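# Observations on the three-dimensional arrangement
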Amino acid sequence: MNGQSNGTAIGNGFGSVETEYIRRHHRHDPADHQCSSALVKHIKAPVHLVWSLVRRFDQPQKYKPFIRRCVAQGNLQIGSVREIDVKSGLPATTSTERLEFLDDDEHILSIRIVGGDHRLRNYSSIISLHPEIIDGRPGTLVIESFVVDVPEGNTKDETCYFVEALIKCNLKSLTDVSEQLAVQDRTEPINCI
């Protein structure tokens, strides 16, 4: 998994394919008091399967291990809001998040944190999924990027490190759940004689 912190999320550490997807789908313009980063994960499961988990704005706990409970308000559409209860062990107990963008054709989802008892102010993230072939089978390239205010008393590096650690855990869990579902869903080709 590669990440590029504190500025544009393009360049060092990413291949040309990742760089192009980041340019196309992950536009953040961090202010001086903010940090931004992008992380990449390759999952050995087809896009449609991974997307079926990611797109569920109302059920992020299906793959995000730090979420105890989620209650979504209204229909799943741009502007929908979800109230999240965070598991103990993190410096937060609740988060209120709004769905900013959802594109089922391009496999892009964006959220913004609009409230809660945590230090992630003006947090916005974009996650995009892209088909690829891994070991001769359908796979998914996942890119997640974010921008967030740097809290008083912290540095950009500290803030990015903390948020990246949370995202890495979420992406690891997404990988585990997706790849397990892919194994259950996989059928082997029948060889004809």
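Right, let's walk through the structure included here. Here the structure is a predicted model, which is why all the values come from computation and not from measurement.

## Let's talk about the pairing of strand β5 (residues 94-103)
- Pairing between strand β4 (residues 81-86) and β5: five bridges, direction antiparallel. The residue of β5 that forms the bridge with E83 is T96.
- Two elements, β5 and strand β6 (residues 108-116), share eight bridges in a ladder whose sense is antiparallel. Note that in β6 the partner of D103 across the bridge is I108.
- Hairpin connection, β5 to β6: the antiparallel pair is bridged by four residues, and H107 has positive phi, about 60°.

## A short note on unusual backbone geometry
- At N122, a position not held by glycine, the phi torsion is positive, near 55°.
- Take N122: it is sitting in the loop between β6 and β7 (124-134).
- N122 gets classed as partly exposed once you look at its relative accessible area, which sits at 45%.
- Located in the positive-phi region is D135, a residue other than glycine, with phi close to 55°.
- Summarising the element assignment, D135 is placed in the loop between β7 and β8 (137-149).

## Considerations on helix α1 (residues 16-25)
- Of the residues making up α1, those classed as buried are E18, T19, Y21, I22 and H25. Each buried residue of α1 lies within a common arc of 165° when the element is viewed along its axis, so the set occupies one face.
- On its buried face, α1 sits against β2 (34-43), β6, β7 and β8.

## A closer look at the pairing of β7
- Buried residues dominate β7, accounting for eight of its 11 residues.
- Bridging between β6 and β7 involves five bridges; their strand directions are antiparallel. Of the residues in β7, the one forming a bridge with I108 is S128.
- Two elements, β7 and β8, share 11 bridges in a ladder whose sense is antiparallel. In the strand pairing of β8, S125 is matched with F146.
- Joining the antiparallel neighbours β7 and β8 is a turn of two residues, in which D135 adopts a positive phi near 55°.

Reading the values: rules and limits
Residues numbered from 1 in each chain as written. Predicted model: local features only at pLDDT ≥ 70, side-chain atom pairs only at ≥ 80, totals over all residues. Heavy atoms only, no water. Pairing = 2+ DSSP bridges. Helix = DSSP H or I, 4+ residues; strand = E, 2+ residues; numbered from the N terminus. Buried < 20%, exposed > 50% of the residue type's maximum accessible area, 1.4 Å probe, protein only. Arc of directions from axis to C-beta. Contact = heavy atoms within 4.5 Å.

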